[in-house]
Every structure is written in structure tokens, then in C-alpha cells.
Amino acid sequence: MGSRVLQGKAPHEGFEIRLMHKDGSRFDALIYEAPLIDADGRQTGWMGSIIDVTERKHAEELARQQQEKLQVTARLVTMGEMASTLAHELNQPLAAITSYNAGCLNKLESGNFTTAQLKEALGKLAVQAQRAGHIIRRVHDFVRKSEPKLAACDLAEAIDDSIGFIEGAAKSRGVRIVREIQGMRPELLADQVMIEQVLLNLMRNGIEAMAETPAHRRRLTIKLGQLENHMEIRVIDRGPGIPPEMEEKLFTPLFSTKADGMGMGLNICRSIIEFHHGRLWVESNPEGGSIFVMTLPIGRQ
């Protein structure tokens, strides 16, 4: 960086460097460099400004940690609200395992069985055990505290995982979930668990919004497609919609349209999407209801 400064190529926004005080303690500094020009327009030297940004960086790190804690809390709240649905989903493979196990024991006790029959039953038992394990791992991955991890992410997979979480709750409320997924999809860098948190929150809100919608109209549509250099996801419900004066307030901290809401959900959702350098907003659905739109950039390293 020193040679770049001497060549006049120092960035206008300055650059950060770690320096040392006389007493040996280190601090973070932001350095601005500019050429000194005399009255004849000749450069006679350099002028530098050094600003101690240690406290600012410390405050930014505290804010980042607080945001991370809020995101984990929101995921735990989501899982708590969905506990009965998850218990029902997990109970299905466990009941099947118990049934196949009892069948195998009965066959063994009767002595009237073939190896092929036992092999088939044990194979089905193994499939159900894997299914139960997948549900548990999915919940564990969703609620665990971890640093954001940007990796190659297929948004269709994130959508499918999110639907897997909430499909039971949707069925219990008479809501049909429809996927409209673009066939060929470029991969992008994202934290899949964080994206799933946003999707799950938006889908849950859409399902709850249709509580008073006539049964034949209760449809939640998830659309995924490419829009120039962005991927776009639309979560479309057919609820009562959101008044224009409330649309932007939805994303402010502590604002909630629910009597028992904490006002964390959509604010955190927007923070997550902005962390991924994307955007999140809401539009009116021409068919009645709301459309929550998120965009995520493609090819950002």
C-alpha cells in the first residue's frame, strides 16, 4: 500500500492499517493521503491524516454480534411456534419404524418368513430412520448459533427445505403451497440457513394472512427466477393485503401487525438480505394479497 500511496494511487476513501503506540499497544487507524500542491501547481509533498477508528470498529463488531444473536433468537422463536407441526412431522417416521420393527419381530417369532421379506422390511425401516434423522438435522442446522457462512447456494434447495418445515402448518390451515422454479439456475454465494430463515418467515406470514381468505383461494406461491444479474424470489399470498401507509413500517424494528408479535421478523429479514447485498420489499398482489420480493446478486465474491 505504501508504494501505491507514493505513486498517487491511494484510495480516496482512505485505507485501514494497524499501528502501534509508543507503549507497544496497537490500534486500528484510517489513513487519508493527498498530494500537496504549491501555487504554481507543482506537487511538493504529501499530506496525511491518521484517524483512530478502534472504538468505531469495536462498536461495529458489537452491533454485528447483537444482530447475530437476534437472528438466532428469531429462529428459536420460529421453531417454538412450529413445535407441534415438527412433532407431528417427526412422529410419522418414528411410528413407521415402530411398525416395521414389530412386524419383523412377529415374523421371527412365528418362524414363517423368508430372508427377502425381512430384508424388505428392514430396508423400509432404514429409510424411515434416515427421514427422521434428516428432520432433526434440519432443525439443528436452522437454530444453531454460527457465524454467517457464504458458500455456493442453490436457492431452489433453500426453498424446498423451507417448504419442508412449514408444509404441515400450511395443510392444517388449508393453504396450498405452489412452487414456480426456474429450470437452469446460476449458483450464488449465500448463507443458506439465513436465506431459509427469511423464506420461512415470509411464508409463515403469508399463511397466517390467509386465515380469513375463502378456502378455495388459500394459495401461497413461491416464484424463483433470474432477473438480469440478480436472482429474484417472490412469496405471493392471497390475504387482505397491506395498506400502503404501513408497507415501509413493516421493516422497522419493534413494529408488528400481530397482537402478540415482537416486531423482529421482517426487520431481521431485511438485514439478512442486505448482508447478502440484496433487497427486500413488499408489493400489492393484483389478485388480492401481498407479494414479498427479495433479490440476491449473482457472481458476487
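Values in this document were obtained by computation on a predicted structure and should not be read as measured data. (Residues numbered from 1 in each chain as written. Predicted model: local features only at pLDDT ≥ 70, side-chain atom pairs only at ≥ 80, totals over all residues. Heavy atoms only, no water.)

Visitor: Before we move on, could you go through the side chain of Asp-191 and cite the residues and values that matter?
Guide: Position of Asp-191 among the secondary structure elements: in the loop between strand E6 (188-190) and helix H6 (192-209). A residue is classified by how much of its surface remains accessible, and Asp-191, at 7% relative accessible area, is buried. (Helix = DSSP H or I, 4+ residues; strand = E, 2+ residues; numbered from the N terminus. Buried < 20%, exposed > 50% of the residue type's maximum accessible area, 1.4 Å probe, protein only.)

Visitor: Could you give an account of the environment of Ile-298, with specific residues and numbers?
Guide: Along the chain, Ile-298 falls in the segment after strand E10 (290-297). For the pair Ile-298 and Glu-228, spaced 70 residues apart in the sequence, the C-alpha separation amounts to 9.0 Å. Other than its neighbours up to four places away in sequence, Ile-298 contacts Pro-186, Glu-187, Leu-188, Gln-226, Glu-228, Asn-229, His-230 and Met-231. (Contact = heavy atoms within 4.5 Å.)

Visitor: So what's going on with a nonpolar patch on the surface? Which residues, and what values?
Guide: On the surface, a nonpolar cluster with roughly 260 Å² of combined accessible area is contributed by Leu-105, Leu-108 and Phe-113. For Phe-113, the position within the fold is in the loop between helix H3 (83-110) and helix H4 (115-143). (Patch = residues over 30% accessible without salt bridge, like charges linked within 9 Å, V, L, I, M, F, W, Y side chains within 5 Å. Areas by Shrake-Rupley, 256 points an atom, 1.4 Å probe, with all protein chains shown as cover. Salt bridge = Lys/Arg side-chain N within 4 Å of Asp/Glu carboxyl O.)

Visitor: Please give an account of the sheet that holds strand E3 (residues 43-52) that cites residues and values.
Guide: The antiparallel open sheet is built from three strands, whose spatial order is E1-E2-E3. Strands with a single pairing partner mark the edges of an open sheet, and in this sheet they are strand E1 (15-20) and E3. Taking the axes of each pair of neighbouring strands and ignoring which way they run, one obtains an average angle of 40° across the sheet. With six bridges connecting them, E1 and strand E2 (residues 26-37) associate as antiparallel partners. For Leu-19, the partnering residue across the bridge sits in E2 and is Phe-27. (Pairing = 2+ DSSP bridges. Axes fitted to C-alpha atoms, helices over the stretch in contact; angles between N-to-C directions.)

Visitor: Report on the confidence of the model for the chain, specifying residues and quantitative values.
Guide: Summarising the model, the chain shows a mean pLDDT of 80, and 80% of its residues fall at 70 or more. For residues 259-264, every residue scores under 50 in pLDDT, and the model assigns this stretch twelve contacts once sequence neighbours within four places are set aside. (pLDDT = per-residue confidence, 0-100.)

Visitor: Which residues make up helix H5 (residues 155-172), and what are the values?
Guide: With 18 residues, H5 should reach 26 Å at 1.5 Å per residue; the first-to-last C-alpha distance of 26 Å fits that figure. The largest bend in H5 amounts to roughly 50° and is located at Ile-166. Every buried residue of H5 is accounted for by Leu-155, Ala-156, Ala-158, Ile-159, Asp-161, Ser-162, Ile-163, Gly-164, Phe-165, Ile-166, Ala-169 and Ala-170. A side-chain oxygen of the first residue of H5 lies 3.0 Å from the backbone nitrogen of Ala-156; this N-cap is Asp-154. Once H5 finishes, Gly-174 follows within two positions and takes phi at roughly 75°, a positive value. (Expected span 1.5 Å × (residues − 1). Bend = angle between axes of the 7 residues up to and from the residue. Polar contact = N/O pair within 3.5 Å; in protein donor to acceptor, adjacent residues only side chain to side chain.)

Visitor: Could you give an account of unusual backbone geometry, with specific residues and numbers?
Guide: A positive phi angle is found at Glu-228, which is not glycine, with a value near 55°. Along the chain, Glu-228 falls in the loop between strand E7 (219-227) and strand E8 (230-236). Located in the positive-phi region is His-277, a residue other than glycine, with phi close to 65°. Following the sequence through the fold, His-277 ends up in the loop between helix H8 (265-275) and strand E9 (279-284). For His-277, a relative accessible area of 45% puts it in the partly exposed group.

Visitor: Give me the pairing of E10: which residues, what numbers.
Guide: When you tally the buried positions in E10, you get eight out of eight residues, the bulk of the element. Residues Ser-290, Phe-292, Met-294 and Leu-296 of E10 are buried on one face, and the alternating residues Ile-291, Val-293, Thr-295 and Pro-297, pointing to the opposite face, are buried as well. Across seven bridges, E8 lies against E10 in antiparallel orientation. The residue bridging Ile-236 from the neighbouring strand is Ile-291, located in E10. Summarising the sheet, E9 and E10 pair through six bridges and their orientation is antiparallel. Bridged to Arg-279 within E10 is Thr-295. In this structure, the hairpin formed by E9 and E10 is closed by a connection of five residues, where Gly-288 is found at a positive phi of approximately 100°.

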